[in-house]
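Residues per chain are reported as follows:
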Amino acid sequence: MKFIHYLEKISSVSIYGITSFVIFGIFFLAVSLWALRADKKMLDEISQIPLDKNA
Amino acid sequence: MQVEKFYYDNKTVKWFAYAVLFWGVVGMLVGLWIAIAMYYPSMNLGFAPTTFGRMRPVHTNAVIFAFVGNGIFMGVYYSLQRLCKTRMFSDTLSKIHFWGWQLIIVAGALSLWTGHTSGKEYAELEWPIDIAIAVVWIIFGINMFGTIIKRRESHIYVAIWFYIATWVTVAMLHIVNSIELPISFLKSYSWYAGVQDALVQWWYGHNAVAFFLTTPYLGLMYYFLPKAANRPIYSYRLSIIHFWALIFIYIWAGPHHLLYTALPDWAQSLGVVFSVMLIAPSWGGMLNGLFTLRGAWDKVREEPVLKFLVVAITCYGMATFEGPMLSLKSVNAISHFTDWTIAHVHIGALGWNGFLTFGVLYWLIPKMWNTTLYSKKLAGTHFWIGTIGIVLYAIPLYWAGFTQSMMWKSFTEEGQLRFQFLETVTHIIPMYVTRSIGGSLYIIGVFIMIYNLRKTILQGSFVSDEAAEAAPLPVVIPTHGHEYWHRWIERRPMKMMLFSLVLVAIGGLIELIPTFLVKSNIPTISSVKPYTPLELHGRDIYIREGCYLCHSQMIRPFRDEVARYGEYSKAGEFVYDHPFQWGSKRTGPDLARIGGKYPDSWHFNHMLDPQSMSPGSIMPSYGWLFDENIDTLETPAMIHAMKILGVPYPDGYEQEANNDLRAQATEIKASLLDSKIKTSSNKEIIALIAYLQRVGKDIKAAPKEQTALSHDGTSLMGN
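Thresholds, definitions, all that
For every chain, the first residue of its written sequence is number 1, and the numbers climb from 1 along that sequence. To label them, take the chains in the order written and letter them from A, then take the ligands in the order written and number them from 1. In keeping with the predicted nature of the model, local features appear solely for residues at pLDDT of at least 70, side-chain atom pairs appear and are counted solely at 80 or more, and the whole-chain, interface and lining totals rest on all residues. A helix here means a DSSP run of H or I that spans at least four residues, while a strand means a run of E at least two residues long, and both kinds are numbered starting from the N terminus. Exposure classes come from backbone-placed C-beta atoms, where a residue is buried if 20 or more other C-beta atoms lie within 10 Å of its own, exposed if 12 or fewer do, and partly exposed in between. The quantity called the radius of gyration is restricted to C-alpha atoms. Its globule counterpart is 2.2 Å times the number of residues to the power 0.38. Once C-beta atoms have been placed from the backbone, residue pairs whose C-beta atoms lie within 7 Å are recorded as contacts. Nonpolar cores are built from buried Ala, Val, Leu, Ile, Met, Phe, Trp, Tyr and Cys residues. These are joined into a set through C-beta atoms within 7 Å. For each domain, the first and last residues come from an automatic or database assignment. Two strands are counted as paired when DSSP detects at least two bridges linking them. Angles run from 0 to 180 degrees between N-to-C directions of axes, and those axes are lines fitted to C-alpha atoms, restricted for helices to the stretch in contact. If an angle is under 35 degrees, it is roughly parallel; if it is over 145, roughly antiparallel; if it lies from 65 to 115, roughly perpendicular; otherwise it is oblique. The hand of a helix crossing depends on one turn: near helix anticlockwise from the far one by less than a right angle means left-handed, and clockwise means right-handed. Here the nonpolar group is Ala, Val, Leu, Ile, Met, Phe, Trp, Tyr, Cys and Pro; Asp, Glu, Lys and Arg are the charged ones; every other residue, Gly included, is treated as polar. Confidence of the predictor at the level of single residues is given by pLDDT, which spans 0 to 100.

Remarks on the overall build of chain A
Logical step 1: The helix and strand tally for chain A stands at three helices and zero strands.
Logical step 2: Start at the N end of chain A and walk to the C end: the helices and strands fall as α-α-α.
Logical step 3: Counting over 55 residues, chain A shows a buried share of 16%.

Rendered as structure tokens:
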């Protein structure tokens with residue numbers, strides 16, 4: 001029995017790394033875009049929720 | 001529009017607050033006890049339940065799941081009602097949740113003290129308690145989502161997102177990591193073995209930090225900080241990015257606990273990259289918290305609540321800066337297995353979790369008792385004593401960790417290791433002493449707080465049901481400007497939960513699946529054989545006594561480790577290890593190649609009185625192993641369970657196992673007799689010696705070709 005390096009056995013293991021980056025990248029961009037374009041009035045309104053006298 | 005009147009439930013919050021204080025004191029005192037035991041081994045009392053190996057899981061579980069756990073529930077039950085403008089979904093569920101959780105804590109502590117452990121760090125509790133945790137967690141979930149669904153506030157504030165992500169991710173982590181095969185009431189074997197078990201365990205372990213100690217407390221920060229400072233969070237935009245980026249990235253970071261181990265390289269690299277990226281959302285959150293106080297720093301000087309919150313958030317920033325640094329392989333090579341890690345986690349535990357909890361308590365108790373804090377001055381004293389306590393706790397341990405690591409790696413000019421392992425331990429004893437002084441100060445602070453809160457409670461009157469009013473949720477919710485997709489999901493709690501689950505599951509799946517599906521991920525070594533029945537019993541004792549908490553079984557491919565311990569560890573050596581026992585800290589030396597290193601008599605004497613064999617050792621003595629008998633009635637069930645898990649014992653071996661066990665025990669008895677030690681062959685110590693003499697030995701019997709190859713360092717890294 002020989003010790004064999006993993007990367008030789010899993011065909012194209014880099015796909016796992018690349019996939020994770022692509023998924024994260026797209027997702028991050030989408031969230032950032034939304035956050036930047038979101039309506040300021042609405043965000044202000046939401047951020048006031050904890051300060052409501054009933055909250 | 002008609003305004004509705006309703007009442008917030010403060011009673012459940014009160015009970016959780018009392019539980020926080022009670023378990024906080026218990027968990028911290030146990031911590032202080034074992035901190036002293038590390039330089040004064042007599043503190044182990046020669047009594048099984050009070051030895052380090054059993055007390056340490058009690059400390060970690062009490063602080064994480066009892067102190068912080070009740071802290072989460074206290075904060076969530078208070079803030080969720082107010083953010084949703086409604087009472088909790090069901091008072092009955094609140095009650096079941098509270099008492100269920102406290103029962104779990106009591107059962108957990110008792111079972112750990114009596115040596116019932118699954119042997120996986122921070123997931124030590126045995127299977128019946130694991131099931132109870134899942135049930136109570138689901139009850140909490142129903143209560144939480146029920147409340148969110150019947151809310152009167154159309155927006156779901158960011159704190160609630162953190163609660164939702166916490167709930168769904170902890171459920172997933174707990175279930176996946178707790179899959180085990182019960183062999184009796186309170187005993188089970190992990191379904192996974194070796195490398196796979198390690199990967200699942202640290203995927204869980206790291207995310208327990210992320211989703212139990214971090215995300216719920218970030219939720220609390222987003223509610224209580226604006227409340228205490230009386231101003232909205234600095235940037236709500238940033239909080240949205242903070243939330244999604246944090247939960248997405250965190251889930252990948254687990255493998256940074258296994259750098260340079262036998263875990264496949266690609267998984268290690270993935271863990272490192274995401275750990276480094278984690279600094280961005282973490283610091284985004286920290287800055288969002290601190291910037292909230294811009295222009296209000298004068299308030300921080302006077303208001304104890306804000307003082308505690310500021311130090312908590314600062315410690316969060318420090319710990320989340322340090323975390324990515326420790327994930328770099330070059331830094332990890334120094335820090336791993338040392339007290340550096342202990343210092344790091346206590347910046348988080350004492351600073352972030354502890355101080356945030358204290359801040360919330362100082363804010364909540366006067367509010368719920370409709371009064372003001374008894375003494376701001378005492379709270380200030382608590383703040384300073386606690387802060388000095390943290391500093392005195394952490395700095396000596398950073399020093400100890402770095403010093404010890406450097407000593408381990410030090411060679412003489414002739415190429416010999418410069419220090420015996422024990423010398424590196426005795427050298428840092430003064431740091432251990434200082435650390436326990438820091439810890440004591442911190443606990444004194446807690447007692448001052450309890451006194452202060454008690455006085456506050458006595459001068460106020462408790463508002464059990466707090467009246468509030470709000471308009472009902474409109475049928476059509478008005479929107480500003482454009483409807484974006486996030487606005488859509490942000491109004492739908494169940495979909496939000498599913499979306500969070502998908503996000504965290506992606507990370508988990510991509511990391512775990514290849515290791516499970518590709519068989520060649522774990523190269524088998526033909527000379528590695530299943531444990532004999534006696535060794536299996538010995539291994540169970542090793543797990544029961546928590547040996548893995550001070551001794552690793554993982555030799556990393558470094559010059560000093562190979563010189564000190566022997567050939568570095570290979571993935572294939574652990575295929576029958578249910579659960580894996582790699583450990584995470586070397587208070588004592590690594591044991592991966594302990595088999596055959598010393599005679600049986602050495603182990604016998606060492607377990608009875610460690611100081612007689614290693615003068616200056618801080619290891620406890622294990623007298624009861626010499627009195628207790630091996631439970632041979634359990635052998636068939638143990639072998640059967642291992643067979644189900646894929647360990648290749650021959651058919652029908654369950655019934656023959658005890659014969660082999662007795663034969664091997666007699667051999668060890670005879671070998672001890674040669675050294676003039678008389679003992680009965682059915683004592684637990686015999687089983688433990690059998691196991692210790694086996695660990696790491698199989699590979700030595702490997703064919704020559706293998707040994708030759710395994711000396712070729714670089715091509716084998718990561719195997």
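Moving on from the model shown.
What to know about the overall build of chain B
Logical step 1: From N to C terminus, chain B includes 27 helices and four strands.
Logical step 2: Computed over the C-alpha atoms, the radius of gyration of chain B is 27 Å, within 12% of the 27 Å expected from 2.2 N^0.38 for a compact globule of 719 residues.
Logical step 3: The dimensions of chain B, computed from C-alpha atoms along their principal axes, are 90 × 50 × 50 Å.
Logical step 4: Looking at chain B as a whole, 54% of its 719 residues are labelled buried.
Logical step 5: Across chain B, every contact between residues at least 6 apart in sequence was considered, and the portion connecting residues at least 24 apart equals 84%.

Some points on the nonpolar core
Logical step 1: If you look at the biggest cluster of nonpolar residues, it comprises 215 residues, and the most contacted ones within it are Ile160(B), Leu309(B), Ala312(B) and Leu688(B).
Logical step 2: Among the elements that line this core, the one with the most residues is helix H6 (residues 194-229) of chain B, at 22 residues.

What about the domain arrangement of chain B?
Residues and elements named next belong to chain B.
Logical step 1: You can read the domains of chain B as domain 1 (8-474 + 483-511) and domain 2 (533-569 + 589-716).
Logical step 2: The C-alpha-based centres of domain 1 and domain 2 are spaced at 35 Å.
Logical step 3: The set of elements that each furnish at least two residues to the side of domain 1 that touches domain 2 consists of helix H2 (52-84), strand S2 (180-184) and helix H15 (421-427).
Logical step 4: Ranked by residues supplied to the side of domain 1 that touches domain 2, first place goes to H2 with five residues.

Structural notes on the pairing of strand S3 (residues 187-190) of chain B
Residues and elements named next belong to chain B.
Logical step 1: By the bridge criterion, four bridges tie S2 to S3 in an arrangement that is antiparallel. Each residue of the ladder has a partner; that of Leu181, found in S3, is Tyr189.
Logical step 2: The antiparallel hairpin formed by S2 and S3 contains two residues in its connecting segment, where Leu186 sits at a positive phi of about 75°.

Re unusual backbone geometry
Residue and element names in this part refer to chain B.
Logical step 1: Cis geometry marks the peptide bond from His578 to Pro579; its omega dihedral reads -5°.
Logical step 2: Following the sequence through the fold, Pro579 ends up in the loop between helix H20 (559-565) and helix H21 (600-608).
Logical step 3: Phi angles above zero are rare outside glycine, and Tyr122 is one such case at about 65°.
Logical step 4: Here Tyr122 shows up in the loop between helix H3 (91-113) and helix H4 (127-149).
Logical step 5: One non-glycine residue, Phe337, lies in positive phi territory at about 70°.
Logical step 6: Structurally, the position occupied by Phe337 is in the loop between helix H12 (329-335) and helix H13 (339-368).

Things to note about the environment of Ala690(B)
Residues and elements named next belong to chain B.
Logical step 1: Structurally, the position occupied by Ala690 is in helix H25 (residues 684-694).
Logical step 2: You can call Ala690 buried: it has 26 C-beta atoms within 10 Å.
Logical step 3: For the pair formed by Ala690 and Leu534, sequence separation is 156 residues and the distance between their alpha carbons is 6.6 Å.
Logical step 4: Leave out the neighbours within four places in its chain, and Ala690 touches Leu534, Glu535, Gly538, Gln664 and Ile668.

What about the packing of helix H1 (residues 11-37) of chain B against H3(B)?
Residues and elements named next belong to chain B.
Logical step 1: Packing of H1 against H3 brings their axes to within 10 Å, and their N-to-C directions diverge by 10°. For the element pair H1 / H3, the angle class is roughly parallel. The element H1 and its partner H3 pack so that their crossing is left-handed. Touching Thr12, Trp15, Phe16, Ala19 and Trp23 of H1 are Ser94, Phe98, Gln102 and Ile105, all from H3.
Logical step 2: Counted by class, the contact of H1 with H3 contains six nonpolar, three polar and no charged residues.

Topic: the packing of helix H14 (residues 376-408) of chain B against helix H16 (residues 429-459) of chain B
All names here are of chain B.
Logical step 1: Where H14 meets H16, the closest approach of the two axes is 7 Å, and the angle between their N-to-C directions is 160°. On the basis of the axis angle, H14 is roughly antiparallel to H16. Seen from above, H14 lies across H16 with left-handed handedness.
Logical step 2: In terms of residue class, the contact of H14 with H16 is made up of 19 nonpolar, nine polar and one charged.

Focus on the confidence of the model for chain A
Logical step 1: Averaged over all residues, the pLDDT of chain A equals 75, while 75% of them reach at least 70.
Logical step 2: For chain A, helix H1 (residues 6-9) of chain A is the element with the lowest average pLDDT, namely 42, and helix H3 (residues 40-47) of chain A is the one with the highest, namely 89.

Some details on the confidence of the model for chain B
Residues and elements named next belong to chain B.
Logical step 1: Counting all residues, the mean pLDDT for chain B is 92, and 94% of those residues have values of 70 or more.
Logical step 2: In this model residues 705-719 is a low-confidence stretch, pLDDT under 50, and it forms 22 contacts with partners more than four residues away in sequence or in other chains.
Logical step 3: What the predictor reports for the complex is a pTM of 0.93 with an ipTM of 0.81.

Some words on the environment of Thr424(B)
Residue and element names in this part refer to chain B.
Logical step 1: Note that Thr424 resides in helix H15.
Logical step 2: Residue Thr424 is classed as buried on the basis of its 21 C-beta neighbours within 10 Å.
Logical step 3: Expressed as a C-alpha distance, the spacing of Thr424 and Ser680, which sit 256 residues apart in the sequence, is 36 Å.

With respect to H25(B)
Residue and element names in this part refer to chain B.
Logical step 1: Within H25, 11 of the 11 residues are buried, which leaves the element mostly enclosed by the surrounding structure.
Logical step 2: Along H25, the positions that sit buried rather than exposed are Glu684, Ile685, Ile686, Ala687, Leu688, Ile689, Ala690, Tyr691, Leu692, Gln693 and Arg694.
Logical step 3: At its buried positions, H25 is contacted by helix H19 (533-544), H21 and helix H24 (653-674).

Thoughts on the environment of Leu32(B)
All names here are of chain B.
Logical step 1: When you line up the elements, Leu32 lands in helix H1.
Logical step 2: Separated by 403 residues in sequence, Leu32 and Arg435 place their C-alpha atoms 9.3 Å apart.
Logical step 3: In this structure Leu32 touches Ser436, Gly439, Ser440 and Ile443, once residues within four positions along its chain are discounted.

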